Amino acid sequence: MKMMNTSTIHNKSKSPRSKQKIRVWPLLLPSVSVLAIWAVVPLVLTIWYSFQNYNLQAPPAVFGGLINFEFLFTDGDLPVVVMNTLVMVFGPMLITVILGLAFATLYDGPFPGRSIARLLVITPFFVMPTVAALVWKNLFFHPVWGLLAWAEKLVGLEPIDWFSSHPMLAIIIIVSWLWTPFSTLILLTALQSLDREQIEAARMDGAKSVSRFIYVVLPHLRRPVAVLLMLETIFFLSTYAEIYVTTMGGPGAATTNIPFYIFSRALMGFDVGLASAAGIFAILIANIVAFFFVRNLSEQL
Amino acid sequence: MSRAKSEKIDLLRMILGWFVGILMAFPVFWMALAAFKTEQDAASIPPKLFFSPTLENFVAMNERVDYVRHAWNSIVVSASSTLIAIALAAPAAYVMAFYATKSTRKLMLWMLSIRFMPAVGVLIPIYLILVHFNLIDTKFALIVITCLSNLPIIVWMLYSYFKEVPVEILEAARMDGARPLRQLRYLLIPLTAPGFASTALLGVILAWNEAFWCINITATEAGTLALAIASFANSEGQFWAKLSAASLASVGPIFIFGWITQRQLVRGLTFGAVK
Amino acid sequence: MFKNKIAAISATVMMAFGVDAQATTLTIATVNNPDMVVMQKYSAQYEKETGVTLKWLVLDENTLRQRVTTDIATKGGQFDIITIGLYETPIWGKQGWLQPFEKFSDKYDVNDILPSVKDALSYQGKMYSVPFYAESAMTFYRKDLFEAAGLKMPENPTWTQIADFAKKLDNKQTGVHGICIRGLPGWGENMALLGLVGNVFGGTQFNMNWTSAVNSKAWNNAIDFYVNLANKYGPPGVVGNGFNENLNLMAEGKCAMWNDATVAAGLLFDPKRSKVADKLGFAQNPVETWNKGGAWLWAWSLGIPSSSKNGDEARKFIEWATSKEYINMIGEKEGWVTIPPGTRKSTYTNQKYLAAAPFAAPTLKAIESASLVDNTAVPKPYTGINFAIIPEMQAINNYLGQQIAGALTGKTTVKAALDSAARNSDKIMTKAGYIK
């Protein structure tokens, strides 16, 4: 019996072979037009404000030329902030995808109480990021009354002061905990549409479980994983609440990413011009990251 | 595969499945526990596992914020924004999945890129627009903004689920003479039902937990539970038990909703059945 | 006649359902501090008495400030009454964003308000918000631990003395830390205290030409001292500890000393909320080489945005909430220890309050001696004690606080942190037009 190559099937679907013509644009128009307004109007305003020297508490706005951009690009912290942003995207991404794959595989097969256990795994996603961060900060990470400190003292270790010595890691842990359910859910749903016959065929051909996984399951998951990575890029680029509630971007600028930078340097001072300029900069960085992804993942999408 | 080995794997699966589930949910469980402690118990060093429970935090919560109003706003905003987003997204995702061209691809990526602008950067301009149209503190504004924020995500998720459908099935139906609408009704929707369900679930959760816009553009009328929780964060003095109570009261409804829609996911279809 | 009958019936029905077409609604934005939560609770009574409907938005301090500032600066008009402090009041009063309080009703004793607080909430002689409660900073210490070690806390300690006490009382075995001190970064968090430390070590935050003075020798001494003290004798995780965390630690008996807001006294003194209620002593906040500016002045106050159309009703509510009668009512019903403190002279001559609150006298002393103008060893161009009352302050002091937190955790040296903060401050002040 021939082992079906799933990638061939998917490649076939790429060529334009639809014989039925349908009018594409009426279907696309609603969402596109709505998003266009949502994108264009704030963007235009933001661009306009980025050229104004405008502090909300000390009005009025005066034309400032490039003053905001100059301020932004002469900020010694900017490289660190960009680096932090990337770390905060790729760190949780790595963890959530690996764990998501593992959990999805785990929950794909039946066992008693599976639906309850599965709901438990998804629970973190129900919690607001602000609350989740506070829970981790106070109940787990705190070196005096946190559970981790208590466990560390039990085995005779000095409790780790997470937010002083490993602030970035702490934030990555919190974000990963919050988003692993998302990754699990997407991959689990994708696994459930996997053709069981292919796996059976492979098994009967004598393929071991590991190679079954690599050659049958993983290719099937290429697209969901690609979509997952794109979506997580969006979410993790805008990590904000978790930082606000725990480290406030510190110590120093150790956990300041671009959204938090906008908040603390611009919004906190009610400098609308600077906030707008930094917003434009954020879009620039995000587009670069996305470009990198699209280059590498476009066949999968 | 031998029987013994298959049983061993099932046992392992069960043990791991439960262990992982409990581990992941533990922080939430701990928070839920704190909701029933007095402030002193909640703050005690070392943490207390046994204590005498009380409902005083929930009472205090309702004195400060109108729980029913906030919960209702949460339900209305999450449900409306998600439904509208799905209604707008499904046709677009359909086109991009089955009639993909280079320009539709570019469109997809452009949609995603809209989400790149951080909300903090655009807060003041949006606020000014809303003030101009008298939309501050209205559910309408919150629904629109939440819907638009989540729309790109929902388009992409539906697209990915549509792409899962093997084209041969649609081809076969087409060659049997079925028109697009029939395809949709009898094939596509049943095949992608779990995808719709999980997209709806995720959309609702994203909307439910949307805090930034909620806090910044509402006041006393249109606030959702996210705002109610903000009332209890970080005040002077002890707040941990009350915050846990408010969070539990917010997580509760969405948890139940998750449980209900999760059953849809359980019904994962095998293609053997369809064929 | 038929029409009249209908009108009469519908009016009766409306009254039966509590619908009064003429009632005013006031939208109030306030902070989720315990005193305001109590005010919210008792305002139900106000609603009943006056028929006014009150709608509340209650948020934590930083979020509330953000929200209210956004609204008032964009003329959003969402609120009738806002809870602000002595930071916003002069700035917004100057902008014309707040309605001035020119006339009070006869029974409202406005002259009873403590002068330093009243002046802090005024601009050009007019009050722009009315104080709800006010506070300063003080030293809390464990009398029992001091006695056991044979130590005595002077009424006006210096930081050097405090460091010495901390060294002697720090006990890893019993888990009691020498001193609990703020470390959480933020202009209202660690900088609230460190602004004071800077003052008493002889420094200021801005030079007369508005260039930054936080990298001066005085400030380097101050922050070196602080970093040393916090790391040696403070609890682990100092950088995550703000007011709340330290309150918790102190109440759980983990600290020998704590310098912070005078309002903590009420909470620490309550045996329901604190394990050390009977073991507390109070002293003034420390000074060092300079003996002024060692304690802050802060007031939470109620103001009315210019955009509000319900100014008269708002004024009436504000008078109710900040009156002697309100304070008395809270004293009788909730306990004298928990009344909103620091606003009125009459509070500090009230025997019932003095009997219930042994911290009343040092609190009053701290508030009365706090001057927004005369507090530094060198001349300064700004008003304010631990921060400058200018719009740019939040961003500048937040950054400074972050840098110091970095020094605290060893990520950077004190000198580098202060230099970086000074550069940042100069950049911002140049952009804002202060430095030419």
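Residues numbered from 1 in each chain as written. Chains lettered and ligands numbered in written order. Predicted model: local features only at pLDDT ≥ 70, side-chain atom pairs only at ≥ 80, totals over all residues.

Student: So what's going on with the interface of chain A and chain B? Residues and values would help.
Tutor: Interfaces are often sized by the accessible area lost when the parts come together. Taken residue by residue, the interface counts 90 residues in chain A and 82 residues in chain B. Here the side of chain A that touches chain B gets 14 residues from one element, more than from any other, and that element is helix 2 (residues 25-50) of chain A. Counted by class, the side of chain A that touches chain B contains 66 nonpolar, 18 polar and 6 charged residues. (Contact = placed C-beta atoms within 7 Å. Helix = DSSP H or I, 4+ residues; strand = E, 2+ residues; numbered from the N terminus. Nonpolar A, V, L, I, M, F, W, Y, C, P; charged D, E, K, R; others polar.)

Student: Outline the confidence of the model for chain A, supporting the account with residue identities and numerical values.
Tutor: Residue and element names in this part refer to chain A. Of the residues in chain A, 90% reach a pLDDT of 70 or more, and the chain-wide mean stands at 83. Here helix 1 (residues 6-14) is the element of chain A with the lowest mean pLDDT, 38, and helix 4 (residues 78-108) is the one with the highest, 94. Confidence drops under pLDDT 50 across residues 1-19; counting only partners more than four residues distant or on other chains, this segment forms 13 contacts. (pLDDT = per-residue confidence, 0-100.)

Student: Would you mind going over the sheet that holds strand 7 (residues 137-142) of chain C in detail, with residue names and values included?
Tutor: Residues and elements named next belong to chain C. Taken together, 3 strands build an open sheet; the order of strands is 8-7-9 and the sheet is antiparallel. At either margin of the open sheet sits one strand with a lone partner, and together these are strand 8 (257-261) and strand 9 (280-284). Averaged over all pairs of adjacent strands, the angle between strand axes in this sheet comes to 30°, irrespective of strand direction. The sheet strands contacting helix 10 (residues 243-251) are strand 7 and strand 8, and the helix crosses strand 8 at an angle near 140°. (Pairing = 2+ DSSP bridges. Axes fitted to C-alpha atoms, helices over the stretch in contact; angles between N-to-C directions.)

Student: So what about the sheet that holds strand 10 (residues 298-303) of chain C? Which residues, and what values?
Tutor: All names here are of chain C. Taken in spatial order, the 5 strands of this open sheet run 2-1-3-10-6, and their pairing is mixed. Two strands in the sheet have a free side with no partner beyond their single neighbour: strand 2 (53-59) and strand 6 (130-135). Shown here is a sheet whose adjacent strand axes are inclined to one another by a mean of 20°, direction ignored. Relative to strand 2, strand 1 (residues 25-31) is paired through 7 bridges, and the arrangement is parallel. Among the inter-strand pairings, Thr-30 is bridged to a residue of strand 2, identified as Val-58. Its contacts with the sheet place helix 3 (residues 61-73) against strand 1, strand 2 and strand 3 (81-85), and it is angled at close to 135° to strand 1.

Student: Any chance you could break down the environment of Pro100(C) for me, citing the residues and the numbers?
Tutor: All names here are of chain C. When you line up the elements, Pro-100 lands in the loop between helix 4 (88-95) and helix 5 (115-120). The partly exposed category is assigned to Pro-100, around which 18 C-beta atoms lie within 10 Å. Placed 22 residues apart in sequence, Pro-100 and Ser-122 show a C-alpha to C-alpha distance of 8.9 Å. (Buried ≥ 20, exposed ≤ 12 C-beta atoms within 10 Å, placed from the backbone.)

Student: Hey, could you go over the interface of chain B and chain C for me, with residue numbers and the actual values?
Tutor: Counting residues at the interface gives 27 residues for chain B and 28 residues for chain C. Ranked by the residues each element gives to the side of chain B that touches chain C, the list is headed by helix 6 (residues 119-132) of chain B, at 4 residues. Partitioning the side of chain B that touches chain C into residue classes produces 13 nonpolar, 9 polar and 5 charged.

Student: Lay out the domain arrangement of chain C in plain terms, naming residues and giving numbers.
Tutor: Residue and element names in this part refer to chain C. What the domain assignment lists for chain C is domain 1 (16-128 + 298-356) and domain 2 (137-296 + 370-431). Its C-alpha centre places domain 1 at a distance of 29 Å from the equivalent point of domain 2. Counting residues at the interface gives 11 residues for domain 1 and 12 residues for domain 2. At the level of elements, helix 4 and helix 5 are the ones that each hand at least two residues to the side of domain 1 that touches domain 2. (Domains from an automatic or database assignment.)

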